[in-house]
Amino acid sequence: MLQQTTVATVGPYFKRFLERWPDVAALAAAPLDDVLTEWAGLGYYARARNLHKCAIAVVESHGGRFPDDEAALRTLPGIGAYTAGAIAAIAFDRPAPAVDGNVERVIARHARVETALPKAKAEIAALVRPLVPSPGAGDFAQAMMDLGAMICLPRGPLCDRCPVAADCRARAAGDPEAFPRKAPKKARPERHGIAFWLRRPDGAVLVRRRPEQGLLGGMTEIPTTPWLETLWDAEDALGHLPVAATALGPVAGRIEHVFTHFRLTLTVLAGTSDRPAPADARWCPADELHAQALPTLMRKVVRHMEKRGTAGPLFAEDGSP
DNA sequence: AAAGCGTGGAT
DNA sequence: TATCCAAGCTT
């Protein structure tokens, strides 16, 4: 859960997750959709799919216990270089480096590594590995991460309180904030889509499961058009209407959302339908909507509609259809 | 091996 | 508002 996510954000998710699935066997036995529902809002949903796969692998291939060496851990789904090292060192006190973003920063400054991230990852891990004490690998891993999190800050590092300031090369050069070097990031394009808010006379809302792979994979969505860098023509959008509907009209306002690699603006087309749901979709009773595996973007759509009320055909605030 | 993959908080 | 950043991994 903590991969690319802050402790503060993870906290409540972690608690609920462990209450529901207290051990690997329980998680392995759970339906993926339940795991995704519990994960909804945390982001990077491949982590949830991988964690579930990982639990199954641990149960089926490792007798229900995590392996204690880096190489075996590294083969499990969702466990990469950092997580394998962290588990080996912290859970089993094996001499492995746990190099997260904090440690990368500490080392990049201490050795004044000129190679830019992410290319420098291997170089930095190679610098850490010989430093790992044994026993004590777990404490070392924690200490290095805490040094980065509390002293060797991204901006305004507290060098006066740093236990290794004396031989820090970036400190000596007076430019610690210039490290780690980073590859330039690319622009974030704007994309647009139209969401179809379709209700049955009994109030149920049409929802759909997204494909298992890719963005928001396996999560539940309010059906939308594809998300393109061009604005949608109303007529083109209707070609993506998932089920025949009546009283279709645009809803005032927009939903803005920022993903890692693009910005998205959704507008909503609301209507009514009494048809059976298509194969990849289902009618969700209104009072069950919030218990679905809705990612934050889709919760924004739901919130948007709840704010406006959902009775009858909807029109823009200026009265246009 | 560069690109894809979420979200919220801090500055 | 824009940018950065967070206990990274997979393809």
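Note that the structure is a prediction, hence the values are computed from the model and not measured.

Participant: What is the right way to read the nonpolar core from this model?
Facilitator: Across soluble globular proteins, nonpolar side chains show a tendency to be buried alongside one another. Counting residues in each nonpolar core, the largest one holds 52 residues, and the members touching the most others are Trp197, Ile222, Trp227 and Leu297. No other element matches helix α12 (residues 296-308), which puts five residues into this core. Counting 27 residues, the second-largest nonpolar core is a separate cluster that includes Ala86, Ile107, Met145 and Ala170.

Participant: I tried to follow the protein's contact with DNA strand B on my own but got confused; where do I start?
Facilitator: Lys186, Leu216, His257, Thr260 and His261 are the nearest of the 18 residues found near DNA strand B. Protein-proximal atoms of DNA strand B, defined as those within 4 Å of the protein, fall in sugar or phosphate at a share of 65%. Within the backbone of Leu42, a nitrogen or oxygen atom sits 3.5 Å from a base nitrogen of DNA strand B. Measuring from a phosphate oxygen of DNA strand B, one finds a side-chain N or O atom of Lys186 at 2.2 Å. Within the residue set of the surface near DNA strand B, elements represented by two or more residues are β4 (246-258) and α12. For the surface near DNA strand B, the residue count by class is nine nonpolar, eight polar and one charged.

Participant: What am I meant to see in the protein's contact with DNA strand C here?
Facilitator: Contacts to DNA strand C come from 22 residues, most closely from Leu2, Gly78, Gly80, Thr83 and Arg105. For DNA strand C, the backbone makes up 68% of the atoms found within 4 Å of the protein, where backbone means sugar plus phosphate. A distance of 2.8 Å separates a phosphate oxygen of DNA strand C from a polar atom in the backbone of Gly80. One of the side-chain nitrogen or oxygen atoms of Asp100 is found 2.9 Å away from a sugar or linking oxygen of DNA strand C. Here the surface near DNA strand C is built from residues that sort into eight nonpolar, nine polar and five charged.

Participant: Mind showing me how you'd approach the confidence of the model for chain A here?
Facilitator: Detailed reading of the predicted coordinates is not advisable wherever pLDDT falls low. In this model, chain A carries an average pLDDT of 94, and 96% of its residues clear a pLDDT of 70 or more. Scored below 50 in pLDDT, residues 310-321 makes 18 contacts in the model with residues more than four places away or belonging to other chains.

Participant: Help me understand the packing of aromatic side chains, please; the structure alone is not making it clear to me.
Facilitator: Working definition: an aromatic ring pair is given by the centre-to-centre distance plus the angle between the planes. Per the counting criterion, the structure on display carries five aromatic pairs. A centroid spacing of 4.9 Å and a plane angle of 70 degrees characterise the contact between Phe17 and Trp21, whose relative ring orientation is edge-to-face. A relative accessible area of 8% places Trp21 in the buried class. Ring pairs connect the aromatic residues Phe17, Trp21 and Trp39, which therefore count as one cluster. The ring of Tyr13 has Arg16 lying over it, and the distance from NZ or CZ to the ring centre is 5.0 Å. The lysine or arginine in question, Arg191, covers the ring of Phe262, its NZ or CZ lying 4.0 Å from the ring centre.

Participant: Whenever I open this one, the pattern of salt bridges confuses me. Can you help?
Facilitator: One pass over the full model with this rule turns up 16 salt bridges. Between Arg112 and Glu114 there is a salt bridge, with its nearest N and O atoms 3.7 Å apart. A relative accessible area of 27% places Arg112 in the partly exposed class. Under the relative-accessibility criterion, Glu114 is labelled partly exposed at 45%. In this structure, Arg210 and Glu221 form a salt bridge, with 2.7 Å as the shortest nitrogen-oxygen distance.

Participant: What should I look at first to understand the packing of helix α3 (residues 32-39) against helix α4 (residues 46-61) in this one?
Facilitator: The geometry of α3 relative to α4 is characterised by a closest axis approach of 9 Å and an angle of 140 degrees between their N-to-C directions. For the element pair α3 / α4, the angle class is oblique. In this structure, α3 crosses over α4, and the sense of that crossing is right-handed. Residues Leu32, Val35, Leu36 and Trp39 of α3 pack against Arg47, Ala48, Arg49, Leu51 and His52 of α4. Its residues assigned to classes, the contact of α3 with α4 comprises six nonpolar, one polar and two charged.

Participant: Looking at this model, I keep getting lost on the environment of Met144. Mind explaining?
Facilitator: With respect to the helices and strands, the residue Met144 is situated in helix α9 (residues 137-150). For Met144, a relative accessible area of 11% puts it in the buried group. Discounting residues that sit within four places of it in the chain, Met144 has contacts with Val103, Val106 and Ile107.

Participant: Hey, could you run me through the domain arrangement of chain A in this one?
Facilitator: Think of interface size as the accessible area that goes away when the parts come together; that is how it is often given. On domain assignment, one finds that chain A holds domain 1 (96-184) and domain 2 (190-307). Each of domain 1 and domain 2 has a C-alpha centre, and the two are 44 Å apart.

Parameters at a glance
Residues numbered from 1 in each chain as written. Chains lettered and ligands numbered in written order. Predicted model: local features only at pLDDT ≥ 70, side-chain atom pairs only at ≥ 80, totals over all residues. Heavy atoms only, no water. Core = buried A, V, L, I, M, F, W, Y, C linked by side-chain atoms within 4.5 Å. Buried < 20%, exposed > 50% of the residue type's maximum accessible area, 1.4 Å probe, protein only. Helix = DSSP H or I, 4+ residues; strand = E, 2+ residues; numbered from the N terminus. Near = heavy atom within 4 Å. Polar contact = N/O pair within 3.5 Å; in protein donor to acceptor, adjacent residues only side chain to side chain. Nonpolar A, V, L, I, M, F, W, Y, C, P; charged D, E, K, R; others polar. pLDDT = per-residue confidence, 0-100. Contact = heavy atoms within 4.5 Å. Phe/Tyr/Trp six-rings, centres within 6.5 Å; stacked < 30°, edge-to-face > 60°. Lys NZ or Arg CZ within 6 Å of the ring centre and 35° of its normal. Salt bridge = Lys/Arg side-chain N within 4 Å of Asp/Glu carboxyl O. Axes fitted to C-alpha atoms, helices over the stretch in contact; angles between N-to-C directions. Parallel < 35°, antiparallel > 145°, perpendicular 65-115°, else oblique. Left-handed = near helix turned anticlockwise from the far one by under 90°. Domains from an automatic or database assignment.

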